[in-house]
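Coordinates in review
One-letter residues, chain by chain:
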Amino acid sequence: MTSPLVERYLEHVRVEKRLAQRTVELYALDLQKLAHYAEQAQVELTQVQNAHIRRWVAQMHGGGRSGRGIALILSGWRGFYRWLGREGQVASNPVQDVRSPKSPKPLPKALSVDDAVQLASYHSEAGDPWLEARDAAMVELLYGCGLRVGELVGLDVQASATARGWIDLDGAEAHVLGKGSKRRSTPVGAKALQALQGWLALRGHAAGVPQEAQALFVGRNGTRLTAQSVWQRLRRRSLQAGLATPVHPHMLRHSFASHLLQSS
C-alpha cells in the first residue's frame, strides 16, 4: 500500500509541477523503493535519518546498481524530503548531503592498428609543410612511444637541468617527466625518429620561432604548445585522414599499450 504522504507528493508533482506522466511513474518507483527500505528498517518515512540513506545507498551499490542510477534515485528522494520540509513534516532533509558512489571511468577506446597506421601515415599535399611535419612528429611520439600528452608538450629540443623532457636522437630514447614527477625513458622507433628529424629541419623556419626557443613543439608564435592545442590538432588530423571517430591523445597512448600487448 502506498504511503499517503507519497500519494500527496506524486499528486503535487503531477498537478502543480506539471511533470510528464512517465516522470511521475519513475518518481513513484523510486519512492516505493524508499518506502520498502524504511519498512525493513522499521522507521517512518518522516523519521528517516541521514545514516539510513547512506546505508541504503551502500546496499544499492553492493547490489550492482550503477552510480548514475543511484544518483537519479537520490534526486527523487531529495525532492520528496524537500517537499516534506515545506509541508512541515520534517525538520531537515536526510538526503541533502548524500552523494552517489562514483562510477568507474571506462578505459579510453583504442584505435585499431589500421586506423593508427592510417593516421600516422597521413600527409596532406595541400597542407602547410611546417604544420604537417610538426603534427606528424607528435602523432608518432604519442602512438609509437606511448607518451602522455603532458609529457609530449613538456619536451625540449635539448637536454638541460631545467628541461622536463627531451629526445635523445642518438640513443633513440625519449626522456620525460611523468606522473608524480617521476623520470622515465622510453624507446623511440625509427618512424618516430624520422618524423622528428623532419620536424626539426623545419621547426626554426617559422618567422615567430626564435632561435633560443626551448620547447620542441611550438606554435607559429614560438610558444610551447598546450595540451588543448594538441587535442585540437589531433582531432583535425584524424578527420582529414578519414577516420570515423575523432582521435584524442589518450586513444593513441592506449593503442600503443594494446598493440604492444598483442605483439608480445
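The structure reproduced in this document is the subject of the present report. (Residues numbered from 1 in each chain as written. Predicted model: local features only at pLDDT ≥ 70, side-chain atom pairs only at ≥ 80, totals over all residues. Heavy atoms only, no water.)

**A look at the overall build of the protein**
What counts here: In DSSP terms, a helix is any run of H or I states spanning at least four residues, a strand is any run of E spanning at least two, and both are numbered starting from the N terminus. The quantity called the radius of gyration is restricted to C-alpha atoms. Its globule counterpart is 2.2 Å times the number of residues to the power 0.38. Working rule for contacts: check all heavy atoms of both residues, and any pair within 4.5 Å makes them a contact. For every accessible area listed, the method is Shrake-Rupley and the probe measures 1.4 Å; residues are considered covered only by the protein chains on display. Positive charge is attributed to Lys and Arg, negative charge to Asp and Glu, and no charge count is given to His or to the chain ends. Note that the charge is assigned to NZ on lysines, CZ on arginines, CG on aspartates and CD on glutamates.
For the protein, the helix and strand inventory stands at 10 helices and four strands. Ordered by position from the N terminus, the helices and strands of the protein form the series α-α-α-α-α-α-α-β-β-β-β-α-α-α. In terms of C-alpha radius of gyration, the protein reaches 28 Å, well past the compact-globule figure of 18 Å for 264 residues. By principal-axis analysis of the C-alpha atoms, the protein measures approximately 80 × 40 × 40 Å. Taking the contacts inside the protein whose residues are at least 6 apart along the sequence as the reference set, 56% of them involve residues at least 24 apart. In the form shown here, the protein has an accessible surface area of approximately 15200 Å², with 51% of it arising from carbon and sulfur atoms. Distance between charge centroids for the protein: 4 Å, based on 33 positive and 22 negative side chains.

**Focus on the sheet that holds strand β1 (residues 155–156)**
In any sheet, the strands associate via hydrogen bonds between backbone groups, in a parallel or an antiparallel arrangement. Threshold: Paired strands are those between which DSSP finds at least two bridges.
Reading across the sheet, the four strands line up as β1-β2-β3-β4 and stay open at both edges, with mixed pairing between neighbours. Pairing within the sheet leaves two strands with one partner each, and these edge strands are β1 and β4 (183–187). One ladder, built from three bridges, connects strand β2 (residues 165–168) with strand β3 (residues 173–177); its direction is antiparallel. Residue pairing in the sheet places Asp168 in a bridge with Glu173 of β3.

**Quick word on helix α3 (residues 50–62)**
To keep things clear, this is the line we draw: For a helix, the expected span equals 1.5 Å multiplied by the residue count minus one. Burial classes: relative accessible area under 20% of the type maximum marks a residue as buried, over 50% as exposed, and values in between as partly exposed (1.4 Å probe, protein chains only). By construction, the arc corresponds to the directions joining the helix axis to the C-beta atoms.
Taking 1.5 Å per residue as the helical rise, α3 with its 13 residues ought to reach 18 Å, and the 18 Å between its terminal C-alpha atoms agrees with that figure. Looking only at α3, the buried set comprises His52, Ile53, Trp56, Val57 and Met60. Along the axis of α3, the buried residues cluster in a sector spanning 135 degrees; they form a single face. Once α3 ends, the next one or two residues include Gly64, with phi positive near 100 degrees.

**Overview of the pattern of salt bridges**
A side chain with one charge can pair with a side chain of the opposite charge if their charged atoms come near. This is how it is decided: Salt bridge criterion: a side-chain nitrogen from Lys or Arg within 4 Å of a carboxyl oxygen from Asp or Glu.
In this structure the tally under the stated criterion is 11 salt bridges. The shortest N-O distance in the salt bridge between Arg14 and Glu11 comes to 2.7 Å. Note that Arg14 and Glu11 are positioned in helix α1 (residues 4–15) at a spacing of three residues, about one turn of the helix. Judged by its relative accessible area of 34%, Arg14 is partly exposed. Several salt bridges converge on common partners, so that one network encompasses Arg134, Asp135 and Arg233.

**Topic: the packing of helix α6 (residues 129–144) against helix α8 (residues 190–203)**
The condition is simple: Structural elements are reduced to axes, namely lines fitted to C-alpha atoms, with helices fitted over the stretch in contact, and the angle between N-to-C directions of any two is expressed from 0 to 180 degrees. Throughout this description, any angle smaller than 35 degrees is read as roughly parallel, any larger than 145 degrees as roughly antiparallel, any in the 65 to 115 degree range as roughly perpendicular, and the remainder as oblique. Two helices cross in a left-handed way if the nearer one is turned anticlockwise from the farther one by less than a right angle. They cross in a right-handed way if the turn is clockwise. Three classes are used: nonpolar for Ala, Val, Leu, Ile, Met, Phe, Trp, Tyr, Cys and Pro, charged for Asp, Glu, Lys and Arg, and polar for all others, with Gly counted as polar.
The interhelical angle for the contact between α6 and α8, taken along N-to-C directions, is 150 degrees, at an axis separation of 8 Å. Viewed along their axes, α6 and α8 adopt a mutual orientation that is roughly antiparallel. Taken as a pair, α6 and α8 cross one another with a handedness that is left-handed. Two secondary-structure elements touch here, α6 through Pro129, Trp130, Ala133, Arg134, Ala136, Ala137, Glu140 and Leu141 and α8 through Lys191, Ala192, Ala195, Leu196, Gly198, Trp199, Leu202 and Arg203. Of the residues in the contact of α6 with α8, the class split is 11 nonpolar, one polar and four charged.

**Overview of the environment of Gly64**
Mapped onto the secondary structure, Gly64 falls in the loop between α3 and α4 (67–86). As a C-alpha pair, Gly64 and Gly171 span 107 residues in sequence and 50 Å in three-dimensional space.

**A few points about the packing of helix α2 (residues 21–40) against α3**
Two quantities define a packed helix pair, namely the angle between the axes and the distance from one axis to the other. Direction vectors running N to C along α2 and α3 enclose 110 degrees, while the axes themselves pass 11 Å from each other. It follows from the interaxial angle that α2 and α3 lie roughly perpendicular. Two packed elements cross with a definite hand, and for α2 against α3 that hand is right-handed. Every residue of α3 that contacts α2 at Lys33, Leu34, Tyr37 and Ala38 is listed here: Ile53, Trp56, Gln59 and Met60. Looking at the contact of α2 with α3, its residues break down into six nonpolar, one polar and one charged.

**Looking at the nonpolar core**
For soluble globular proteins, the rule of thumb is that nonpolar side chains tend to be buried together. So the rule is basically this: For our purposes a nonpolar core is just a set of buried Ala, Val, Leu, Ile, Met, Phe, Trp, Tyr and Cys residues, chained together by side-chain atoms within 4.5 Å.
Among the nonpolar cores identified, the biggest contains 43 residues, and Leu141, Leu152, Leu155, Val188, Phe217 and Val230 are the most heavily contacted of them. Mapped by element, the contributors of at least two residues to this core are α5 (113–121), α6, α7 (149–153), β3, α8, α9 (227–240) and α10 (249–263). Element by element, the count of residues in this core is highest for α6, at eight residues. Discounting residues that sit within four places of it in the chain, Val188 has contacts with Leu141, Cys145, Ile167, Ala172, Glu173, Ala174, Leu193 and Leu196. Membership of the second largest hydrophobic core comes to 29 residues, among which are Val13, Met60, Ile73 and Trp83.

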